[in-house]
Amino acid sequence: MHFFEYKPNRHLARAIPLTSAREEQCPFGQGGGRVCRGGGEFREFVFMREEKHGHLNTDSRRRSTHGRTMTRSRAPAWVWAVAACTLMGVAAADSRTKLVENGYEGVVVGVSQEVDESLGPAIVASITDMFNEASRRLFAATRGRAYFRSVKILIPKSWSFTAVNDTALSENFEDSDVRIDIANSVYKNQPYTQQTGTCGTPGQYIHLTPEYLTDRAQAAWWGPRGKAFLMEWAKFRWGVFDELGYPGDDSFPLFYSNSADGGTVYPTYCADTLVEGRMIDKGGRGACGLNEMGDPDDNCRFLPYRSQTAASSLMSYPFIFSDTIVDFCDEASSDRPHNPHAPTKQNLFCRGKSVWEVMREHPDFADGNNPPTERYVDPEVALVQHVDANYALVLDYSGSMNDHYRILKLQKTARRWLLHEVADGSEVAIIKFSKHAKLVHGLSRIEGAESRKALAESLDVTADGGTSIGAGLYAAVKKILKGRKNPVILLITDGEENENPRIDHIIDHVIASGVRVVTVAFGEEADPKLERVAQVTGGKTFTVNDIDEGHMLEDAFHGALTYQPPPSRQNATVTIDEKVYRGSGDTASETFLVDFTVGRNLVFRLDTDDRAHVTSSPHLIRPTGGIIGGAEFDPSSFVWTINVPMAEQGEWKWQVGVSGNPEKFVRVKITAQTRDPDIHPITTKAWMSSGAHDVNATTDRVIIYAEVKQGNNPVVNARVIALVTPPNESDRGEVYELLDNGQGADIQAGDGIYSRYMTRYTTTGRYSVKAQVTDGGTAVINRGFLTAPAQRTRRDLRETIEERPPYCCGNIIPLDQENAFNTGTFNRISVAGSVKVIEIPEGDTQPPSPVRDFKVSLGCCSDLGDASHNLTLTWTAPGDDLDDGTVSSYVVRVSTSASDLQEDAFNDAPNDTLVNISSAMDGILVRAGEKVTVNVYLDLDLHQSNYFALRAIDDAGLTSMVSNIDILGSELLVAAPAVLVIPVWAIVLIAAILLLLAVASCVVLSSRNTGKYDCVES
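Bear in mind that the values here come from a model prediction, so they are computed numbers and not experimental data.

A.B. asks: Tell me about the pairing of strand β26 (residues 541-544), residues and numbers included.
C.D. replies: By the alternation rule, side chains of β26 split into T541 and T543 and F542 and V544, which are all buried. The pairing of strand β25 (residues 516-522) with β26 spans 4 bridges and is classified as parallel. In the sheet register, A521 faces β26, and the bridge partner there is T543.

Encoded structure:
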């Protein structure tokens, strides 16, 4: 066993400034990184290996130049601030990409295990070319303020490339900025960005398929790869949105018209100057048809000419498929003016702001960061390979861990993780700390049962002394994981540190090491800095309550497995059920479901808090009635295990004999792998928008997410609930039903990502969140459409665009009911982690969320020429608090001027704009997420534009933002400035003239050849 002594040393890489009023930090880069004080002293720490000592000595030692006493040191504010900004200002929750002196560094492109290795060389070459092109375009589009300096392509561990530059340090596929993965059934080979937040919120990742990167015909649909990628990078990094319309989308239509311009029909996009093109039927053989309102029908498409004078906007590309489109739209006074009126995602989610206005608010460019430069270099692209994780379990063994049997729970859960869950090939070390840190077991490679057993048996239950979290962390990063690739620390503690070194003393070492720290707060008194440690290292954070039977602690250990090289989806293990049983009967029994996607290597585990509570071994009952017994028992952790090589689909049952003592429990967890290697399992991933950041609930809005999919195909119409455990054990848990409806916290319906705002807080402290998913009797897998576009290039199509793949997706992901596949019954569970709330609101401070799907249509028996019209108003109800609860009332307005309904004018609009819906109010006050329908009679002139919008009001008088504006009459939305297309009547006229010319030519030629004026062959 190795022991370390913690003692002063001058060679600490970076010293910590002291907390004295007289202290003064040396200028950056001077003084060897030490703290300068006017005649004062400094303290430094280092671990030393000492065989004769049985502990890590963390006693502080002083060196004084003038004999002064030093106060306790703290980490400099900039250490926390810089590290926090590094993660808060990046493009995804876990991205480590930074913009440094105009160059993006640390961009990670992760290649999925599902990708065929034979495509590897072509994929790597294509990615390299794509980034070279994208970097030059990015530099031009940002006016010399950004380009790509360094990119890492992360390939799977199983690939045998010889050209690998290095092994991955801490990069992993789940946190990569760009994912190369199998196609989503709806997007197919279209590049897309997974966006779950509103304006300015970074995306989750950019998705590219192997076919897109290796097949020029597939890539040609979306334009040059570098240009298409730049559009996706803007969404991913800066949180901006498309500036175009989508086929069949009511919220973001392909066209809108302006009666003030004589009924000219305009395509939906943003441009700085006139855009020319043709409006044609999607078959390409005729003019557009019109609907009853005189607007283009669903088959109408706009085909821009390839040659344009417009230079913006890139967010309208590839709709404006022109080489001249190279810039983003900017504010109205710029040379690239934004169109705030077009019905685009950018205008809806960013409230009319241009892309550049949002970009300038991002930390990349805010406050003049990264000003224009002429210095540019092509990106350096390196190939790195995923490696097995190196884990250091840093476990609190202070005296307080004896409270509530914490040390026993920790030993039991850690043993289970070591014996059954951590992957073969990983290396694990165990460090325990109290007042000092002690190495219990050095790094040991997991290679079969014996290595697992040796690690598990090294854990004892003797806890005593104070708490020095810094000692445990320092031992891990400077002695155990130093120089290791893919390093991960699992830090578990129950108390606030009261011994040196503290977290503040060594956080700079932790950050510099590249390690990711997964923190587990055990009980209510755990140190408040834990979340910040996870945040600045890109890790995760979990909470374990003292009344927990073990699920929460097991979930935390399981969360650390994220950083292992991911298995193929066929070998991924999913949790299909877990239960805790307390009761007075002599038998505990529950049913569970095995669905059509899983069943191979099913593992049933049952454990208890008291061995005597289980009176007979558990067994399983098959759907056919057969019994599976022979459970293996681990006496050190009170765990029974049953393995089923292939479990048939259907309803299973487990049963075990118990003592009948209701104070005791048995806990069950059931996992399985995919049933058929060719069928991906249904999986669930849960997370929160806050990540590891502290939350001030008076100003911050936390969203709970759960993604449900099969492979990359969304599972829709499932029932998803979030279970929230509050900090106080006496408070009841909260349940939220997460929705995939494109309203409230959810920005796109049908994408398989279910979400809801977290709005109910009882006290400050740590809240843990878990998602449970069932089919609800309605869940289906979106497998795309039965008909796919032919494999033809754009050049082949010439006059027709019927076979073009439609650009996806707008307000809702389209679902082909004929091709959708019913999931049948299934159950999944996923842990989102925990969030630390540092302040909660007093009273009602959260207004209703804005309505985004407000729609007005003509009701029964109304005609355009009537003076009074029966109108139907529909929308999805928001909540009293954002998208939770029930609002108290609505205010609906109609005006012939859209300016009356803007955010800053709505409340002061003339009284005659109010629509009286008071008689229907009681019937429309429904819970958030439910549909609302109101019929009203209004005197309107439908030969002009009538604009409608609404606000929701809660019981405290708080109002939502104004809804989307819908239009009834001769236009759909206010027309875009600086847009010119050929009207339908002009197309018809031109076609008629051409036909007459053709006939005349035929007549003339016929007369010359035959002397007859006959163009019909006899």
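A.B. asks: Account for the pairing of strand β9 (residues 107-111), with residues named and values stated.
C.D. replies: Within a regular strand, the side chains alternate between the two sheet faces. Burial runs high along β9: 5 of the 5 residues are buried. Residues of β9 alternate between two faces, with V107, V109 and V111 on one and V108 and G110 on the opposite face, all of them buried. Bridge count between β9 and strand β11 (residues 150-155): 4 bridges; the pairing is parallel. Looking across to β11, one finds that V109 is bridged to I153. Relative to strand β13 (residues 178-180), β9 runs parallel, the two sharing 3 bridges. Considered in β13, the bridge of V111 is made with I180.

A.B. asks: Now, about the packing of helix α11 (residues 503-513) against helix α12 (residues 530-537): what can you tell me, with residues and values included?
C.D. replies: Relative to each other, α11 and α12 sit at 20 degrees, their axes nearing to 10 Å. Here α11 lies roughly parallel to α12, going by the angle between them. Crossing handedness for the pair α11 and α12: right-handed. Taken together, the residues of α12 that come into contact with α11 (itself represented by I503, I507, V510 and I511) are V533, V536 and T537. A class-by-class count of the residues in the contact of α11 with α12 yields 6 nonpolar, 1 polar and no charged.

A.B. asks: Pulling in residues and values, what's your account of the packing of aromatic side chains?
C.D. replies: One pass over the full model with this rule turns up 33 aromatic pairs. Seen from their ring centres, Y104 and W233 are 5.2 Å apart, and the 70 degrees between their planes marks the pair as edge-to-face. Within this pair, whereas Y104 is found in strand β8 (residues 103-105), its partner W233 is found in helix α5 (residues 225-238), the two being separated by 129 residues in sequence. Note on accessibility: Y104 and W233 belong to one class, buried. When the centroid spacing of 6.0 Å and the interplanar angle of 90 degrees are considered together, the rings of W238 and F328 count as edge-to-face. Of this pair, W238 sits in helix α5 while F328 sits in the loop between β19 (300-304) and α6 (345-349); the two residues are 90 residues apart in sequence, bridging distant segments of the chain. In this structure, W238 and F328 share a single accessibility class: buried. Through a chain of ring-to-ring contacts, three or more aromatic side chains come together here, namely Y104, F131, F148, F229, W233 and F236. It is K540 that lies over the ring of Y563; its NZ or CZ is 5.6 Å from the centre. When the ring centre of Y736 is taken as origin, the NZ or CZ atom of R760, which lies over that ring, is 4.0 Å away.

A.B. asks: Provide a residue-level description of unusual backbone geometry, including the pertinent values.
C.D. replies: In this model, Y317 is joined to P318 through a cis peptide bond whose omega is 15 degrees. Tracing the sequence through the fold places P318 in the loop between β19 and α6. In this model, C808 is joined to C809 through a cis peptide bond whose omega is 0 degrees. As for its placement among the helices and strands, C809 is situated in the loop between α14 (794-797) and β45 (821-822). Even without being a glycine, F638 presents a positive backbone phi close to 55 degrees. Considering the arrangement of structural elements, one finds F638 in the loop between β32 (632-634) and β33 (639-646). Residues other than glycine seldom take positive phi values, yet N717 does so here, at roughly 65 degrees. Inspection of the secondary structure assignment puts N717 in the loop between β39 (713-716) and β40 (719-725).

A.B. asks: Give a description of the side chain of N712 that names residues and reports values.
C.D. replies: Looking at the element boundaries, N712 is found in the loop between β38 (702-710) and β39. The residues touching N712, leaving out its near neighbours within four places in the chain, are D181, I182, A183, N184, H207 and R569.

A.B. asks: Outline helix α9 (residues 449-457), supporting the account with residue identities and numerical values.
C.D. replies: Within α9, burial applies to S451, R452, L455 and A456. When α9 is viewed along its axis, its buried side chains cluster within an angular range of 130 degrees and face the same direction. α9 presents A449, E450 and E457 as exposed residues on the side facing more than 90 degrees away from its buried surface. For α9, the elements touching its buried residues are α8 (406-421), β22 (427-433) and β23 (437-445).

A.B. asks: Which residues make up the pattern of salt bridges, and what values go with them?
C.D. replies: Under the defined criterion, the tally for this structure stands at 50 salt bridges. With its nearest N and O atoms 2.8 Å apart, the salt bridge here joins R406 to D546. Here D546 lies in the loop between β26 and α13 (551-559) and R406 lies in helix α8, a separation of 140 residues in the sequence. For D460, the salt bridge identified is with K432, shortest N-O distance 3.0 Å. With D460 in the loop between α9 and α10 (469-480) and K432 in strand β22, this residue pair connects regions lying 28 residues apart in the sequence. Residue class for D460 comes out partly exposed when judged on its relative accessible area of 28%. Counted as one network, the salt bridges with shared partners bring together K412, R416, E554, D607, R667 and K669.

A.B. asks: Can you explain the nonpolar core? Please cite residues and give values.
C.D. replies: Counting residues in hydrophobic clusters, the biggest one holds 72 residues, and the most contacted among them are Y104, I180, F229, W238 and F328. In this structure F229 touches M130, F131, A134, F148, V178, I206 and L208, once residues within four positions along its chain are discounted. Counting 35 residues, the second-largest nonpolar core is a separate cluster that includes I446, L455, A463 and L561.

A.B. asks: Summarise the sheet that holds β32; cite the residues concerned and give the values.
C.D. replies: Across the sheet, 5 strands lie side by side as β27-β35-β29-β33-β32; this open sheet has antiparallel pairing. Two strands in the sheet have a free side with no partner beyond their single neighbour: β27 (574-581) and β32. With direction set aside, neighbouring strand axes in the sheet form an average angle of 15 degrees. In terms of strand pairing, β27 meets strand β35 (residues 666-674) through 7 bridges, oriented antiparallel. Bridging from a neighbouring strand, Y581 pairs with V666 of β35. The strands that α8 touches are β29 (598-608), β32, β33 and β35; relative to β29, the one it contacts most, it runs at about 155 degrees. Against the sheet, α13 engages β27 and β35, with an angle of about 30 degrees to β35.

A.B. asks: Residue-level account of the state of the cysteines, with values.
C.D. replies: Joining two cysteines, a disulfide is a covalent bond between their sulfur atoms. Summed over the entire model, instances satisfying the criterion amount to 4 disulfides. Each sulfur of the disulfide joining C199 and C350 lies 2.1 Å from the other. Between C199 and C350, the S-S torsion sits near 100 degrees, and that sign places the bridge as right-handed. Here C199, found in the loop between β14 (192-194) and β15 (205-208), pairs with C350, found in the loop between α6 and α7 (355-361); they are 151 residues apart in sequence, far enough to count as distant. Residue C199 is classed as partly exposed on the basis of its relative accessible area, which comes to 25%. In this structure C350 comes out as buried when scored by relative accessible area, which is 3%. With its sulfur 1.2 Å from that of its partner, C808 forms a disulfide with C809. Considered together, C808 and C809 belong to a single accessibility category, that of buried residues.

A.B. asks: An account of the confidence of the model for the protein is requested, with residue identities and associated values reported.
C.D. replies: Mean pLDDT over the protein works out to 85, with 82% of the residues at or above the 70 mark. In the predicted structure, residues 1-93 sits below a pLDDT of 50 and forms 217 contacts with residues beyond four places in sequence or in another chain. The model gives residues 971-984 a pLDDT under 50, and that stretch makes 51 contacts with residues more than four places away or in other chains.

A.B. asks: Go over the sheet that holds β40, please, and point to the residues and values.
C.D. replies: The pairing of strands in a sheet comes from backbone hydrogen bonds and takes either a parallel or an antiparallel form. The strand order across the open sheet formed by 5 strands is β37-β46-β43-β40-β41, and the pairing between neighbours is mixed. The sheet is open, and its two edges are formed by β37 (695-696) and β41 (734-738), each paired on a single side. The pairing of strand β43 (residues 765-774) with strand β46 (residues 827-839) spans 10 bridges and is antiparallel. In the strand pairing of β46, S768 is matched with S834.

Conventions adopted
- Residues numbered from 1 in each chain as written.
- Predicted model: local features only at pLDDT ≥ 70, side-chain atom pairs only at ≥ 80, totals over all residues.
- Heavy atoms only, no water.
- Buried < 20%, exposed > 50% of the residue type's maximum accessible area, 1.4 Å probe, protein only.
- Helix = DSSP H or I, 4+ residues; strand = E, 2+ residues; numbered from the N terminus.
- Pairing = 2+ DSSP bridges.
- Axes fitted to C-alpha atoms, helices over the stretch in contact; angles between N-to-C directions.
- Parallel < 35°, antiparallel > 145°, perpendicular 65-115°, else oblique.
- Left-handed = near helix turned anticlockwise from the far one by under 90°.
- Contact = heavy atoms within 4.5 Å.
- Nonpolar A, V, L, I, M, F, W, Y, C, P; charged D, E, K, R; others polar.
- Phe/Tyr/Trp six-rings, centres within 6.5 Å; stacked < 30°, edge-to-face > 60°.
- Lys NZ or Arg CZ within 6 Å of the ring centre and 35° of its normal.
- Arc of directions from axis to C-beta.
- Salt bridge = Lys/Arg side-chain N within 4 Å of Asp/Glu carboxyl O.
- Core = buried A, V, L, I, M, F, W, Y, C linked by side-chain atoms within 4.5 Å.
- Disulfide = S-S within 2.5 Å.
- pLDDT = per-residue confidence, 0-100.

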